[in-house]
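So the chains spell out like this:
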Amino acid sequence: MPDNVRRDAVSASSPAKRDHDESAGDSPRVRPVRVTVDLDPATHRALKIHVAEQGTTISALVQQLVADTLESDPA
(Lines give C-alpha, C1' and ligand atoms only; values in the text may rest on other atoms or scores of the structure.)
Protein backbone atom coordinates (compact mmCIF):
# COMPACT_ATOMS: atom_id res chain seq x y z
CA MET A 1 0.00 0.00 0.00
CA PRO A 2 1.17 3.53 -0.57
CA ASP A 3 2.49 5.36 2.49
CA ASN A 4 -0.32 7.92 2.39
CA VAL A 5 -2.94 5.17 2.74
CA ARG A 6 -1.42 2.77 5.24
CA ARG A 7 -0.07 4.05 8.52
CA ASP A 8 1.74 1.95 11.09
CA ALA A 9 0.24 1.92 14.56
CA VAL A 10 1.79 4.31 17.02
CA SER A 11 3.48 2.42 19.84
CA ALA A 12 2.37 4.86 22.54
CA SER A 13 0.03 3.52 25.19
CA SER A 14 -3.58 4.60 25.13
CA PRO A 15 -4.89 6.96 27.83
CA ALA A 16 -6.37 5.44 30.95
CA LYS A 17 -9.95 4.41 30.43
CA ARG A 18 -12.64 5.54 32.84
CA ASP A 19 -15.64 3.59 33.96
CA HIS A 20 -18.92 4.63 32.39
CA ASP A 21 -19.99 6.48 35.55
CA GLU A 22 -16.63 8.06 36.39
CA SER A 23 -15.99 11.70 35.53
CA ALA A 24 -12.70 13.17 34.36
CA GLY A 25 -12.63 15.82 37.10
CA ASP A 26 -13.58 16.06 40.73
CA SER A 27 -17.24 16.74 40.03
CA PRO A 28 -19.69 13.91 39.36
CA ARG A 29 -20.73 13.28 35.80
CA VAL A 30 -24.00 14.94 34.84
CA ARG A 31 -25.89 13.05 32.19
CA PRO A 32 -28.44 14.93 30.11
CA VAL A 33 -31.99 13.64 30.01
CA ARG A 34 -33.53 13.21 26.59
CA VAL A 35 -37.05 14.52 26.01
CA THR A 36 -39.18 13.43 23.07
CA VAL A 37 -41.74 15.76 21.54
CA ASP A 38 -44.19 14.46 18.98
CA LEU A 39 -44.82 16.95 16.17
CA ASP A 40 -46.67 16.62 12.92
CA PRO A 41 -44.34 16.70 9.90
CA ALA A 42 -45.42 20.19 8.78
CA THR A 43 -44.73 21.69 12.21
CA HIS A 44 -41.38 19.92 12.42
CA ARG A 45 -40.36 21.23 9.01
CA ALA A 46 -41.42 24.78 9.90
CA LEU A 47 -39.51 24.55 13.17
CA LYS A 48 -36.37 23.29 11.42
CA ILE A 49 -36.54 26.18 8.95
CA HIS A 50 -37.12 28.68 11.76
CA VAL A 51 -34.14 27.58 13.84
CA ALA A 52 -31.91 27.42 10.76
CA GLU A 53 -32.82 31.01 9.96
CA GLN A 54 -32.02 31.95 13.57
CA GLY A 55 -28.69 30.12 13.41
CA THR A 56 -29.54 27.70 16.20
CA THR A 57 -30.91 24.19 16.68
CA ILE A 58 -34.22 22.77 17.83
CA SER A 59 -32.46 21.41 20.91
CA ALA A 60 -31.01 24.80 21.84
CA LEU A 61 -34.39 26.46 21.29
CA VAL A 62 -36.20 23.98 23.53
CA GLN A 63 -33.48 24.23 26.18
CA GLN A 64 -33.86 28.01 26.21
CA LEU A 65 -37.67 27.77 26.39
CA VAL A 66 -37.38 25.44 29.37
CA ALA A 67 -34.87 27.72 31.11
CA ASP A 68 -37.06 30.78 30.49
CA THR A 69 -40.12 28.94 31.79
CA LEU A 70 -38.37 27.84 34.97
CA GLU A 71 -36.95 31.33 35.58
CA SER A 72 -40.39 32.92 35.31
CA ASP A 73 -42.07 30.30 37.48
CA PRO A 74 -42.69 31.80 40.97
CA ALA A 75 -42.67 28.35 42.62
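Residues numbered from 1 in each chain as written. Predicted model: local features only at pLDDT ≥ 70, side-chain atom pairs only at ≥ 80, totals over all residues. Heavy atoms only, no water.

**Some thoughts on the overall build of the protein chain**
Heads up, the rule is: Only DSSP runs of H or I with at least four residues qualify as helices, and only runs of E with at least two residues qualify as strands; both kinds are numbered from the N terminus onward. Throughout, exposure labels follow a simple rule: accessible area from a 1.4 Å probe, protein chains only, divided by the maximum for the residue type, with under 20% read as buried, over 50% as exposed, and the rest as partly exposed. Note on areas: these come from Shrake-Rupley sampling with a 1.4 Å probe, and a residue is covered only by the protein chains present in the view.
Counting secondary structure elements, the protein chain contains 2 helices and 0 strands. Every one of the 75 residues in the protein chain was classed for burial, and the buried ones make up 4%. Of the roughly 7,400 Å² of accessible surface on the protein chain, 53% is carried by carbon and sulfur atoms.

**A few points about a nonpolar patch on the surface**
Where we set the bar: Excluding any residue in a salt bridge, patches collect residues exceeding 30% relative accessible area, merging like charges within 9 Å and nonpolar Val, Leu, Ile, Met, Phe, Trp and Tyr side chains within 5 Å. Salt bridges are defined as contacts in which a side-chain nitrogen from Lys or Arg sits within 4 Å of a carboxyl oxygen from Asp or Glu.
Taken together, V33, V35, V37 and L39 make up a surface patch of nonpolar side chains, about 420 Å² in accessible area. Following the sequence through the fold, V35 ends up in the segment before α1 (41-54).

**Remarks on the environment of D68**
Here is the rule: Contacts described as polar in this section are N or O atom pairs within 3.5 Å, which, within protein, must combine one atom able to donate a hydrogen with one able to accept it, while residues neighboring in sequence count only if both atoms come from side chains.
Structurally, the position occupied by D68 is in helix α2 (residues 58-72). With a relative accessible area of 36%, D68 lands in the partly exposed category. There is a polar contact of 2.7 Å between the side chain of D68 and the side chain of Q64.

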